[in-house]
Amino acid sequence: MTGHDTQAMGRHAAALSGAVGADHVTVAGERLTVVPGAAGEVIEAVRLARAARLPIRFGGALSTDGASVSCDFGRMTQMLHLDETSLLVHVQAGITLGALEERLGARALTLGAAARRSLDRRVGAALAAPRPEEACPRGRFLEACAAIDGVLLDGTALHTRMAPRRATGPDLSHALLGARGTTGAITGAWLRVLRRPPVTRFVGAAFGEGKAAIAVACALLDRGIRPADLSIADGALAAGEIGGGALADRETVLALRLDGMADPVAAEEALAVEQAASAGGRPVSSPLIEAWLTSLTASAELSRREPRLTSRPHRRHATFIPWCDLAAAFAAAGPRAELSALTPAGGALSSDAPITPRPDPLAIWRAALAHALDEGGSLPEPRTR
Amino acid sequence: MMPDLDASLTLCTYCPKLCRHTCPVSNAEARETVIPGAKMATMRLARLGKLESDVESTASLYACTGCGACSEVCLHGVTPGRHLFTGRADAERTGHGHPALAGLPDRVRAHAEASARAAREVVPPHRFQPSAEVALLPGCDDPEATATTLTVCDRIGAEYVGVADVSLGCGGYPLLAGGFPDAFRLHAEALARQLQGYSRVVVPCPACVWAMRVEYPAHGVPLRPEVLHTSEFLAQFIERLPVAAAARPAAAAFYHDPCYLGRQLGIYDAPRRLLERAFPGGVREFSRTRGESECSGGGGVLPLTMPATADAITARRLEEVHEAGATEVITACATCKRRLTRDGVTARDLVDVLAEATRPA
Amino acid sequence: MRATRGAELAPALRSLTAPDRVSTTPPDRLAYARDLWPRGMLGLKTGQAPAHPPDVVVWPTSTAEVQAIVRLAVENRVPIVPFGAGSGVCGGTLPLAGGMVVDLKRMRRLVNLDRASLTATFEAGILGEHLEHELARRGYTLGHFPSSIMCSTLGGWLAARSAGQCSTRYGKIEDMVRSVELVTGTGEVIDTTGSHGLGADFDQLLIGSEGTLGIFTRAVVAIRPAPEARILRGFSMPRVAAGCEAIRRVMQRGLRPSVVRLYDEIDTLMARSSAAKEEKAAAESEDPEERAVAGWLGLLGSEQGKRMRDGLRRRLVGAALGASVGRMRVLNRAADALLPRLSGGCLLIVGCEGDRPLAEAEARATFREIERAGGKDLGPGPGERWLRHRYDVSFKLSKMFQAGAFADTMEVAVSWDRLLDLYRAVREALAPLCFVMAHFSHAYADGCSIYFSFAAAAGDDQALAEERYDAIWRTALAASTSVGATISHHHGVGLSKAAYMPAEHGESMAIFRALKRVLDPHGILNPGKMGL
């Protein structure tokens, strides 16, 4: 115990119940869980944690041992505003990407390909703890965030100004984006959304060697095409998930989803087919590619509607690899390796083999920023820089 | 229309630094004080009487090779190089000339006389003609070049070309660049007198071609002969040059446009046409070439006033040569040739190449 | 000239760098006491000495030297202003508290070109034109073409979140960066290489800091093969609103044109009249492209209409340069009332580039979308002309000052739903004060920036001119923020907009201040800027 016995936690819960409602505060052992319904209630939780010198975690972003306050965004699932002129949606952090995607779908809008692989995640979680596979050649999901609503660890509520771009200092949203809750909570976000594209095409090619598929993907991005999805499956994965019989033994498959206006999509399709063929790629039929790329979007909701997709094994976590290391990393990744979310910067690599997390060269700076934002709070000061 | 001096100074003072990227001195030094706009602003302040009266304050007026790269991109048509020479003259008049240029008129005169004498040691006496249709003016930086040019003329059937019988082997450009317009005018008058007997004078140094063609008349000194640069003259005989036979390794040598030949006189093609015909394999172009060509660092008497900067400019020009693994640069200016011969690179003058090409088997 | 503590550090700086890379001479100090903030340029007329010269200027050649310089400054508590090429228009590099200017331009190497990853590593002091030249001669481009390309550096771009003329395709500088290296206010180095995807995007917390958090020393940027094809086209749009709608549709269709520029009626009039000199020559030209330009100019309509427009243009310019302030409102109103009736319309320049078949397909789809929004195709002429003269407008600045006026630009941005409100609010607010025109040149799917140009007579009294200048900015920014626009899209904040930072960021300034405490705890970096 860290000085917070069950009784103390009970007192904290009672104090918070006044603001949040007794139904939305629970205590289990040393963990106090609050389910706020609005940003103001998040502030109450943050203030309580600060006063009690308890660590606070938001969503599933940060795990702590011992006594803590846990903030669950399950009630903050509102779509606050949809600006169809600017294609911006303002949402609370607790809405899942899948639920939002469905609501947008009713207006012929979409979050875009970068969000497709995480439809079961909450917006706040996807923004606070982005995963490498939450990207597509057009950018990371994170980049869809035009502004955030947040609460700093001292209880300050903030709203970064929504602007398409600006030159008014650092992009302050990034103190919370990707910070895994160490600097505060994301309580809401303005997200850029897209119109549903009028035309979608799927292109696939099979290669004898992984590096040939990677070279084609690289060449296509270099030549300027920006597919909605660009993924590569190694032989084992392709055999299991794409089309067994349609593929020769251990063929690596390159898969593209192209969407947008008819003319550019047709030009991109022709270019992709030509580039793949010139590198010795054998065409793979569009329906197979479509089925595979669509299966990667599996979410809880989708799985309910499309049971066929539940056959896909539990998603493995991916790691980001820059282009210069992609071919080697893919070859070494072991069985059922997949490169997804290829962007001009690199791609997300996953496989059945465990993935060693890369060391973060900036860990100390991130900790220092978190500490500075928590001045007088409970975070320990980073020892060295 | 070209703006006058006052308008030029105002335009440059308010200009948002639109030519700074072209200036060899500011690129070498990376110093805001020596970007063309700042140098012109300094000159404006001096003329407004707002500048401290000391050598330090006028130093930036000397940070210019007169290369004209800035004028090339100026939509106002301002020529800072030329105006700064005037600014130097102002500084000299008020006793704040550059210390390194003290006594320059005497030095230039001595050097010009020595060059004329040096030519007599390498050229047979009978080629010195007091009057002739075409005469070569001995150059000051490369006495050998007079003999070499004569050899080329002989080989291509221009044996009638003589050497000007003069006591001054220089058109006087350094005096103008150094801020000594009076000495320049005296020099020009003396040389103009000595050149009375010729119809055309062929000059090896582009800066002096420019001085004689443009600045002699501007300083009220009429000059009888037409002034041609060596490359212009020789280009008239291009058909008589042998066509290069064996190809060298592709692009073995770079061609460097001398600033005064290219930007100031507009002569870009004559040397290239000669080299294309006579130099096996042709020459390689710098990525900055013709109007965009970068200075070798030799103009504007910069090697006298700011030798380290001049060296840095030269080194910058040679970066691309080193990067390409080349060791040879061909140019058409004795000053450029001298500047660019360093760090494992040999620069040759166009006439050296033509002499080699026309050498009897 | 006053010399303070900074000058005393010169000997130490010389031993840290080199004797010829440190200066305390008055000419050098004066040269670093101004940038291109038009307000500061008002004093040039009389040759007035600038108010804030640095005490010492130093030119490091390596990151290690920058670190050593910063540590020396920390020990002595001497302020540092990082300096690129001094092209900023917000007073961002003015050494308000003296101290030292650290000029980065000797750090200008192309360190690495990675053809496989399509990235290039440059030192931060390289001039934009030189950077693009180094890439171009190797077959690549960064795709970043700010109108200051000849007089701004990579480090300056990063510091101020620069945008180029092809931003719709290639993005702003913050979109092109893969990693940065920065020396903090304690002399430590932050290199963000390898941090991608591991947490907060630290690059985005450093880019835009305008020298207040650190000194950029190098960056890895994404590069692209030089475009194989570039297809440019001009369209005449009936009104600003139709032009904005066309751009919005294009951007929201997921198309990626490289150039999108919509000129409002007055800016169109100015652009066309500056093209008029070419009209005759172009009409007689054998070059079909030139004749196309003539055809475009012919769209000015009847001779009478053309005369009226020319007259209007002359009166507007005259007003800007000399008329009393009182007449300004009348003239701006006259322009508003007359221009739409003169059927001049608004010029929209749009271009697509890249791999030929892709660029052609993209152009077809883009042009079709613009026509659907009411655009009248003017052919390639106007676009080609724009490309040839893309940097020429900057030359007008010195002409304006020479004529006794001052001019400045304000670039603000907002989402599409409020874009026309922004346009109207700023124009109306400024109408009594100055001559104003605008173009829309950086478009996104969710919004767009507006680039307002304004001019007014400077007069003979510098203090009055400064007052007028300040009033214009106060009014314009108030109008801009009243509709929720950001106060800068790509020029930055510096000194001139520092007072508006709290309004811009609200409580989020706490984050900026926290960054300042972490990265520059002694407050030595570019003090007095950005409202910190």
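Just so it is clear, the structure is predicted and the values come from calculations on it, not from any experiment.

1. Observations concerning the interface of chain C and chain B
A common measure of how large an interface is: the accessible area buried when the components associate.
For step 1, the next point in the chain: Between chain C and chain B, the contact holds 38 residues from the first and 33 residues from the second.
For step 2, the next point in the chain: The junction of chain C with chain B conceals about 3300 Å² of combined surface from both sides, 59% of it contributed by carbon and sulfur atoms.
For step 3, the next point in the chain: Where chain C touches chain B, the interface holds six salt bridges.
For step 4, the next point in the chain: Arg-137 of chain C is the salt-bridge partner of Glu-320 of chain B, the closest N and O atoms lying 3.8 Å from each other.

2. A look at the domain arrangement of chain B
Residue and element names in this part refer to chain B.
For step 1, the next point in the chain: Taken as a whole, chain B is organised into domain 1 (5-97), domain 2 (104-235) and domain 3 (243-357).
For step 2, the next point in the chain: With centres defined by C-alpha atoms, the gap from domain 1 to domain 3 works out at 27 Å.
For step 3, the next point in the chain: Taken residue by residue, the interface counts 17 residues in domain 1 and 18 residues in domain 3.
For step 4, the next point in the chain: Surface buried jointly by domain 1 and domain 3 totals about 1300 Å² across both partners, of which 60% is contributed by carbon and sulfur atoms.
For step 5, the next point in the chain: Sorting the residues of domain 1 by area buried against domain 3 places Thr-65, Cys-67 and Glu-72 first, and these three jointly supply 34% of that buried surface.
For step 6, the next point in the chain: Linking domain 1 with domain 3 are zero salt bridges.
For step 7, the next point in the chain: The tally of links between domain 1 and domain 3 comes to six residue pairs in polar contact (both at pLDDT 80 or more).
For step 8, the next point in the chain: Of all the elements in the fold, those that place two or more residues in the side of domain 1 that touches domain 3 are α2 (24-29), α5 (69-73) and α6 (80-93).
For step 9, the next point in the chain: Counting residues per element, the side of domain 1 that touches domain 3 draws most heavily on α2, at five residues.

3. Some points on the environment of Ala-455 of chain C
Residue and element names in this part refer to chain C.
For step 1, the next point in the chain: Looking at the element boundaries, Ala-455 is found in strand β18 (residues 447-457).
For step 2, the next point in the chain: Ala-455 gets classed as buried once you look at its relative accessible area, which sits at 4%.
For step 3, the next point in the chain: In this structure the C-alpha to C-alpha distance between Ala-455 and Ala-120, which are 335 residues apart in sequence, comes to 39 Å.

4. A look at the packing of helix α11 (residues 240-252) of chain C against helix α19 (residues 419-430) of chain C
The description of two helices packed together rests on the angle between their axes and the distance between the axes.
Residue and element names in this part refer to chain C.
For step 1, the next point in the chain: Taken N-terminus to C-terminus, the directions of α11 and α19 make an angle of 145 degrees; their axes are 11 Å apart at the nearest point. Seen from above, α11 lies across α19 with right-handed handedness. Contacts between α11 and α19 involve Val-240, Ala-241 and Cys-244 on the former and, on the latter, Leu-419, Leu-420 and Tyr-423.
For step 2, the next point in the chain: Its residues assigned to classes, the contact of α11 with α19 shows six nonpolar, no polar and no charged.

Parameters at a glance
- Sequence positions are assigned chain by chain, starting from 1 and proceeding in written order.
- Key to labels: chains lettered from A, ligands numbered from 1, both in the order written.
- pLDDT decides what is reported in this predicted model: residues at 70 or higher carry local features, side-chain atom pairs at 80 or more are listed and counted, and totals for whole chains, interfaces and linings draw on all residues regardless.
- Heavy atoms throughout the structure, all of them, feed into the side-chain values; hydrogens and water do not.
- Here a residue-residue contact requires only that any non-hydrogen atoms of the pair lie within 4.5 Å.
- Joining two parts hides part of their accessible area as seen by a 1.4 Å probe, and the buried area is that hidden amount summed over both.
- Here, a salt bridge means any side-chain nitrogen of Lys or Arg that lies within 4 Å of a carboxyl oxygen of Asp or Glu.
- Start and end positions for the domains come from either an automated domain assignment or a database one.
- Here a polar contact is taken to be a pair of N or O atoms separated by no more than 3.5 Å, where protein atoms must pair a possible hydrogen donor with a possible acceptor and residues adjacent in sequence count only if both atoms sit in side chains.
- Where helices and strands are cited, they refer to DSSP runs of H or I of at least four residues and of E of at least two residues respectively, numbered from the N terminus.
- Burial here depends on accessible area, computed with a 1.4 Å probe over protein chains only, as a share of the maximum for the residue type. Under 20% is buried, over 50% is exposed, and the range in between is partly exposed.
- All axes here are fitted lines through C-alpha atoms, helices being fitted over the stretch that makes contact, and every angle between N-to-C directions spans 0 to 180 degrees.
- With the far helix as reference, a near helix turned anticlockwise by less than a right angle produces a left-handed crossing, and one turned clockwise produces a right-handed crossing.
- Under the convention adopted here, Pro, Cys and the residues Ala, Val, Leu, Ile, Met, Phe, Trp and Tyr are nonpolar, Asp, Glu, Lys and Arg are charged, and Gly plus all remaining residues are polar.

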